[in-house]
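In case you want the letters, here they are:
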Amino acid sequence: MKYVIIGAGIAGAQAAKTIREKDNAGEIVMISADTHVHSRCMLHKFIAGERDEKGLDFTEKDFFEKFNIDWKKGVRVEQVCPQQKEIILDNGEKVGYDKLLLANGADSFIPPVGELRKASNVYGLRNLSDAQAIVKEAQTAENVVVIGSGLVGLDAAYGLLERGKKITIVEMVDRILPVQLDVHAANAYQKLFENAGVRFVLGQKASEAVCEADGKIHKITLDNGEELACDIVIVAAGVRPSLACLEGSGIQCDRGITVDAGLKTSQPDIYAAGDITGLSGIWPNAANQGKIAGENMCGGAETYTDTYAIKNTINFFGLVTLCVGRIQEEEGDQIQIKEDKTQYKRIILKEGRVEGVLLQGDISHAGTWQYLIKNKIDVSKIEKNIFDINFADFYHVDEKGQYEWVS
Amino acid sequence: MKRIMIDYQKCDGCKNCSIACMQAHRETQGTVYDLDLTDPRNESRNRILKDADGQYKPLFCRHCDDPKCVESCMSGALYKDPESGHVFYDETRCGSCFMCVMNCPFGVIKPDAVTKSKVVKCDFCVNAGGEPSCVASCPKQAIYVEEV
């Protein structure tokens, strides 16, 4: 049996490991454009100079040797041909498969504003190659404009602060981290970044950006007419699943690749996992999908059920935040807030159920909140302060000593 | 694998297990008599919770068969050791993202109180011969090690 996996992110790596556990003899080939296995969540540490390429590797030691995986790196897939059961790489090589996993992730979305897509000093922050290019450009750059104040935009700024750059972050909405945080929690991070020298321009959009003779953008014009000088532009405006290589393959796609509960695509023996499915952009979910796809490629009948993806943790300047579920207040919500100088905690309750949790400063033992929210567990009968609810209220130990939730 | 089994009805909430854990993982030398309980660096990896009825419920890392903390670890710092079955944590690889805190369905893991740059997690007292200090200190046999 020959298994081919496209992509060396967590979904691909997890699938490869799972396949090897099930099938000792099968041939496993991994193909990636990336030349180093790396965790995208740590690219800011590379930009900051805190870690080198090797320090971003999330796999165990000697991963490819240990699990007997043939890794073809630095090559892209140009075409997937389900009829022939083969894929064609950008070096012309054809690779046949019995089972194929598409785990080639997503690409940074660069909005069609001015000449952002054409300029040579405009980067997303998605791949190690982006971070490497940013570091190189930063050697001579002074001013950096970051478009977007989500987690990726702030990551980029956080890394570049270590290199002493002057950073301006432009955000369409009137506050930072608008998807993850409420105003109070967002302000705390805004102050920390501002104290470190970052300038925010909120409630504004980039409206014009023109390449100069050197092929670079040196000035971004905003909606209000303000002009921001820049030597580097980092665009953190989301990602789109990498579907280009699927053109003409007959593999059904919507926002991402369409998959069934077993992560099978519309074509036989082809599976998909991770960001390319558009199901979730969250690491643990991608890992879980990789595992399930791997099992099923070996004949298993696993289903992807733990689909909940409205969850994030944030850590900048030692201020940690956890947010799960809904952030925006709706009619009929009961909002509970607990605040002192070390922490800010906000819970959204509706009809006896927790629909959103935001914890800043202290996130100790907070994993139970995700379980409560995603399983819509009724907490109205628990005679405790809402902030004191914990696993003790749902506690069960099975005969093997593992915990189980009962409610 | 060996797991710390829990008979919660025997727990009387004395918290000897928590003190033993703090003592086992303190950075300084010394005995339990000079263990500084007020030093935030001395954190216990276990915790005795109480439910709404006042019943004690010991919260100890299960070193789960399918550990959700490991699944969420984006740096490779958390891993399930194939030999012992225990979930270990390599602080030097940790990226301080705390997705493990978010993803443990039982709320076992927490960031360290002082630096907020690493997590506090049971290591089965592997550096003390793999005999968990908490178990040795329990006067009620509410926790005990068993091969599962």
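Residues numbered from 1 in each chain as written. Chains lettered and ligands numbered in written order. Predicted model: local features only at pLDDT ≥ 70, side-chain atom pairs only at ≥ 80, totals over all residues.

**Some remarks on the overall build of chain A**
Along the backbone of chain A there are 8 helices and 25 strands. Relative to its length of 407 residues, chain A is compact, with a C-alpha radius of gyration of 23 Å against a globular reference of 22 Å. Within chain A, buried positions represent 45% of all 407 residues. Sequence-distant contacts in chain A: of pairs separated by 6 or more residues, those separated by 24 or more amount to 61%. (Helix = DSSP H or I, 4+ residues; strand = E, 2+ residues; numbered from the N terminus. Rg over C-alpha atoms; globule rule 2.2 N^0.38 Å. Buried ≥ 20, exposed ≤ 12 C-beta atoms within 10 Å, placed from the backbone. Contact = placed C-beta atoms within 7 Å.)

**Regarding the overall build of chain B**
What chain B contains, in helices and strands, is 4 helices and 8 strands. For chain B, the sequential pattern of α-helices and β-strands runs β-α-β-β-α-β-β-α-β-β-α-β. Taking 15 Å as the expected radius of gyration for a compact globule of 148 residues, we find that chain B reaches 15 Å, a close match to that expectation. Considered along the principal axes of its C-alpha atoms, chain B spans approximately 40 × 35 × 35 Å. A burial count over chain B gives 42% of its 148 residues as buried. Counting contacts in chain B only where the partners sit at least 6 residues apart, residues at least 24 apart contribute 58% of the total.

**So, the sheet that holds strand β6 (residues 94-96) of chain A**
Residues and elements named next belong to chain A. The strand order across the open sheet built from 3 strands is β4-β5-β6, with neighbouring strands paired in antiparallel fashion. Taken across any chain shown, the strands that pair with only one partner, and hence form the sheet edges, are β4 (77-81) and β6. For this sheet, the mean inter-axis angle between neighbouring strands, taken without regard to orientation, is 20°. Both β4 and strand β5 (residues 86-89) contribute to a ladder of 4 bridges, which runs antiparallel. Bridging across to β5, Val77 finds its partner in Leu89. (Pairing = 2+ DSSP bridges. Axes fitted to C-alpha atoms, helices over the stretch in contact; angles between N-to-C directions.)

**Considering the sheet that holds strand β15 (residues 227-229) of chain A**
All names here are of chain A. A sheet is described by the order of its strands in space; here 3 strands give the open sequence β13-β14-β15, paired in antiparallel fashion. In this open sheet, the two edge strands, each paired with only one partner strand, are β13 (206-211) and β15. Adjacent strand axes in the sheet meet at a mean angle of 25°, parallel and antiparallel pairs treated alike. Pairing of β13 with strand β14 (residues 217-222) involves 4 bridges; the strand directions are antiparallel. Across the sheet, the residue bridging to Ala209 is Ile220, located in β14.

**Here's the deal with the nonpolar core**
Residues and elements named next belong to chain A. Residues Leu101, Ala157, Val233 and Ile234 are the most contacted members of the largest nonpolar core, which totals 151 residues. When residues in this core are grouped by element, the largest group, 7 residues, is from helix α5 (residues 151-161). In contact with Ile234, other than residues within four places in its own chain, are Tyr123, Leu125, Ile134, Val144, Val146 and Ala156. (Core = buried A, V, L, I, M, F, W, Y, C linked by C-beta atoms within 7 Å.)

**A few points about the interface of chain A and chain B**
Opposite the 41 residues of chain A that make contact, chain B presents 37 residues. If you list the elements that add at least two residues to the side of chain A that touches chain B, you get α7 (283-297), β19 (311-316), β20 (319-325), α8 (367-374), β24 (395-397) and β25 (403-405) of chain A. Across the side of chain A that touches chain B, the residue classes break down as 19 nonpolar, 14 polar and 8 charged. (Nonpolar A, V, L, I, M, F, W, Y, C, P; charged D, E, K, R; others polar.)

**Some points on the domain arrangement of chain A**
Residues and elements named next belong to chain A. Here the domain parsing of chain A yields domain 1 (2-107 + 239-297), domain 2 (122-235) and domain 3 (311-405). Between the C-alpha centres of domain 1 and domain 2 the distance comes to 30 Å. Listed as interface residues are 14 residues of domain 1 and, on the opposing side, 13 residues of domain 2. Of all the elements, helix α2 (residues 43-47) adds the most residues to the side of domain 1 that touches domain 2, at 4 residues. Class assignment for the residues of the side of domain 1 that touches domain 2 results in 6 nonpolar, 4 polar and 4 charged. (Domains from an automatic or database assignment.)

**Considering helix α1 (residues 10-22) of chain A**
Since there are 3.6 residues in each turn of an α-helix, residues three or four apart along the chain are aligned in direction. Here α1 of chain A is 13 residues long and its end C-alpha atoms lie 18 Å apart, about the 18 Å a rise of 1.5 Å per residue gives. Buried within α1 of chain A are the following residues: Ile10, Ala11, Gly12, Ala13, Gln14, Ala15, Ala16, Thr18 and Ile19 of chain A. (Expected span 1.5 Å × (residues − 1).)

**Side note on the domain arrangement of chain B**
Interfaces are often sized by the amount of accessible area the parts lose when they come together. Residue and element names in this part refer to chain B. Split by domain assignment, chain B resolves into domain 1 (1-60 + 124-148) and domain 2 (64-121). Using C-alpha coordinates to define each centre, domain 1 is positioned 18 Å away from domain 2. The interface of domain 1 with domain 2 comprises 7 residues on the first partner and 10 residues on the second. Across the side of domain 1 that touches domain 2, the residue classes tally to 4 nonpolar, no polar and 3 charged.

**A word on the environment of Ile389 of chain A**
Residues and elements named next belong to chain A. Relative to the assigned elements, Ile389 resides in the loop between α8 and β24. Since 20 C-beta atoms lie within 10 Å of it, Ile389 is described here as buried. Between the C-alpha atoms of Ile389 and Trp369, which are 20 residues apart in sequence, the distance is 9.1 Å. The contact partners of Ile389, leaving out residues within four places of it in the chain, are Val379, Ile382 and Lys384.

**Some points on the pairing of strand β16 (residues 232-235) of chain A**
Residues and elements named next belong to chain A. The alternating pattern of β16 places Ile232 and Ile234 and Val233 and Val235 on opposite faces, both of which are buried. As judged from the 4 bridges shared by strand β10 (residues 143-147) and β16, these two strands associate in the parallel manner. Bridging across to β16, Val145 finds its partner in Val233.

**Examining the packing of α1 of chain A against α7 of chain A**
All names here are of chain A. For the pair α1 and α7, interaxial distance at closest approach is 7 Å and the crossing angle is 35°. In the crossing of α1 with α7, the sense of the turn from one axis to the other is right-handed. Mapping the contact onto sequence places Ile10, Ala11, Gly12, Ala13, Gln14, Ala15, Thr18, Ile19 and Lys22 in α1 and Trp283, Ala286, Ala287, Gln289, Gly290, Lys291, Ala293, Gly294, Glu295 and Met297 in α7. Split by residue class, the contact of α1 with α7 holds 10 nonpolar, 6 polar and 3 charged. (Left-handed = near helix turned anticlockwise from the far one by under 90°.)

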